[in-house]
Amino acid sequence: MNAADRSTPALELKNITKRFGRVTALEDVNLTAYSGEILAIVGDNGAGKSTLIKAISGVHHQDDGQILVDDQLVSLSSPADARAAGIATVFQDLALVECLDVSTNMFLGQFPRRGWFVDRQRMDTESRRFLDELKVTVADVHTQIGMLSGGQRQIISIARAVRSGAHTILLDEPTAALGVRETRHAADIISNLRDSGKAVICVSHDMEFVFTTADRILVLRLGKVAGVREVSATTREEIIGLITGTKQEAA
């Protein structure tokens, strides 16, 4: 694993709180993510993982707390704000259009133009380049998304996030619907993102993936941070104990 650049966090959350009516989904959550690092976020159902990802991606705006990107305070009131701040999110539903081809999906909402017309040649060329860099086995960028495997779709969604120029990549359950071989391929792609200097944040229930791919683990429990551990200095038993509450963080 590459050593992360720990000089300045690529992304930092300070005391993030998010409420929905009387329900507090997140309470005083602190998080740091560094370039050249994979941070896994784990927790039981209802722990606040999805709310946290949506706060970082601009879907939900926090009620209290601060978000900093490269040590600069930012306001992420919409997904467009997050993208402008260099944060790209790949949600579990992938947001791909099955009846459109790979190249078109890669450029959804950002079509390059030549005069009045969409520059299809540029789309195809750049899509091919990004897919080759990520070692995605798609023979033709004109293939419809609906014809691809779950693993190929996942990697194309990641490629689209990388193509946006983001320095921080959020991945929501990237291996949830994948088989063993596709999970291994996705893990390789995600490791390559880290090695290229991206800050990668993965929400995952897959402990095998977390312990073989991540550098640090942040555990959420009931909307609070139950603990943060270096993968090299913890065990599955400790992480599961933090998730379930049978192990308490030292005061």
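Look up a bit, the structure's there.
Cut-offs applied
Per chain, residue numbering runs from 1 following the sequence as it is written. Note on the predicted model: pLDDT of at least 70 is required for a residue's local features to be given, and 80 or more for side-chain atom pairs to be given and counted; whole-chain, interface and lining totals, by contrast, use all residues. By convention in this description, side-chain values take in all heavy atoms of the structure and omit both hydrogens and water. When DSSP locates at least two bridges between a pair of strands, those strands are taken to pair. In this description a helix means any DSSP run of H or I spanning at least four residues, a strand means any run of E spanning at least two, and both kinds are numbered starting from the N terminus. Each axis is a line fitted through C-alpha atoms, taken for helices only over the stretch in contact, and angles between the N-to-C directions span 0 to 180 degrees. We call two N or O atoms a polar contact when they sit within 3.5 Å, provided that within protein one can donate a hydrogen and the other can accept it, with sequence-adjacent residues counted only if both atoms are side-chain atoms. What counts as a salt bridge is simple: a side-chain nitrogen of Lys or Arg found within 4 Å of a carboxyl oxygen of Asp or Glu. Using a 1.4 Å probe on the protein chains alone, a residue whose accessible area is under 20% of its type maximum counts as buried, one over 50% counts as exposed, and one in between counts as partly exposed. Buried residues of nine kinds, namely Ala, Val, Leu, Ile, Met, Phe, Trp, Tyr and Cys, make up a nonpolar core once their side-chain atoms join them within 4.5 Å. We call two residues in contact whenever any of their non-hydrogen atoms come within 4.5 Å of each other. A patch consists of residues exposed above 30% relative accessible area that lack any salt bridge, with like charges linked at up to 9 Å and nonpolar side chains (Val, Leu, Ile, Met, Phe, Trp, Tyr) linked at up to 5 Å. Here the open area of atoms and residues is found with the Shrake-Rupley method and a 1.4 Å probe, where only the protein chains shown may cover a residue. Stacked, tilted and edge-to-face pairs are distinguished by plane angle, under 30 degrees for stacked and over 60 for edge-to-face with tilted covering the rest, among Phe, Tyr and Trp rings (Trp via its six-membered ring) whose centres lie within 6.5 Å. By definition, being over a ring means that NZ of Lys or CZ of Arg is both within 6 Å of the ring centre and within 35 degrees of the ring normal.

Q: Let's hear about the sheet that holds strand β5 (residues 72–74): which residues, and what values?
A: The 4 strands lie next to each other as β2-β1-β4-β5, forming an open sheet whose pairing is antiparallel. Only two strands of the sheet have a single partner each, and these edge strands are β2 (23–33) and β5. This sheet shows a mean twist of 30 degrees between the axes of neighbouring strands, independent of strand direction. Direction of pairing for strand β4 (residues 64–69) relative to β5: antiparallel, over a ladder of 3 bridges. Its bridge partner being in β5, Ile67 is matched across the sheet by Val74.

Q: Summarise the side chain of Thr175; cite the residues concerned and give the values.
A: For Thr175, the location among the structural elements is in the loop between β9 (168–172) and α6 (180–195). Within the local environment of Thr175, its side chain forms a polar contact with the side chain of Asp206, the two groups lying 3.5 Å apart.

Q: How would you explain the pattern of salt bridges if you had to name every residue and give the values?
A: The final tally for this structure, using the stated rule, is 13 salt bridges. Among the ionic pairs, Arg120 bridges to Asp101, the shortest N-O distance being 2.5 Å. Here the residue Arg120 occupies a position in helix α4 (residues 120–133), and Asp101 occupies one in the loop between β6 (87–90) and α3 (102–106), the gap between them amounting to 19 residues. Classification of Asp101 by relative accessible area gives buried; the value is 12%. Each of Asp101, Arg120 and Asp124 takes part in salt bridges that share partners, so that together they form one network.

Q: Go over the nonpolar core with me, naming the residues and quoting the values.
A: Ile156, Ile158, Ile217 and Ile239 are the most contacted members of the largest nonpolar core, which has 47 residues in total. In terms of residue count, the dominant contributor to this core is helix α5 (residues 150–163) (6 residues). Each residue touching Ile156, except ones within four places of it in the same chain, is listed here: Leu96, Val102, Met106, Leu131, Val138, Ile145 and Leu148. The next biggest cluster of nonpolar side chains, apart from the first, holds 24 residues, and it includes Leu11, Leu13, Ile16 and Val203.

Q: Can you tell me about a nonpolar patch on the surface, naming the residues and giving the values?
A: Nonpolar side chains collect at one region of the surface, where Val97, Leu108, Phe111 and Val118 lie side by side and expose about 260 Å² of accessible area between them. For Val97, the location among the structural elements is in the loop between β6 and α3.

Q: Summarise the pairing of strand β11 (residues 216–221); cite the residues concerned and give the values.
A: Most of β11 is tucked away: 5 of the 6 residues are buried. Pairing between strand β3 (residues 37–42) and β11: 4 bridges, direction parallel. Note that in β11 the partner of Leu39 across the bridge is Arg216. Where β11 lies against strand β12 (residues 224–230), 6 bridges are found, and the strand directions are antiparallel. Residue Arg216 lies in a different strand from β12, and its bridge partner there is Glu230. Here β11 folds back onto β12 in antiparallel fashion, the turn holding 2 residues, of which Leu222 has a positive phi close to 55 degrees.

Q: Now, about unusual backbone geometry: what can you tell me, with residues and values included?
A: For Asn15, which is not glycine, the phi torsion reads 55 degrees and is therefore positive. Structurally, Asn15 is set in strand β1 (residues 11–20).

Q: I'd love a proper account of the sheet that holds β12, names of residues and values included.
A: With respect to topology, 6 strands assemble into an open sheet ordered β6-β9-β10-β3-β11-β12, the strand pairing being mixed. In this open sheet, the two edge strands, each paired with only one partner strand, are β6 and β12. Averaged over neighbouring strand pairs, the angle between their axes works out to 20 degrees when direction is ignored. Contacts from helix α8 (residues 236–244) reach β3, β11 and β12, with the element oriented near 25 degrees to β11.

Q: Outline α8, supporting the account with residue identities and numerical values.
A: For an α-helix, 3.6 residues make a turn, and residues three or four places apart therefore share a direction. All of the buried residues along α8 are Glu238, Ile239, Gly241, Leu242 and Ile243. Tucked inside the fold, the buried residues of α8 contact β3, α7 (207–213), β11 and β12.

Q: Outline the packing of aromatic side chains, supporting the account with residue identities and numerical values.
A: Considering all chains together, one arrives at 0 aromatic pairs under this definition. Sitting above the plane of the Phe20 ring, Lys18 keeps its charged end 5.2 Å from the centroid. We note Arg129 situated over the ring of Phe130; from NZ or CZ to the ring centre the distance is 4.8 Å.

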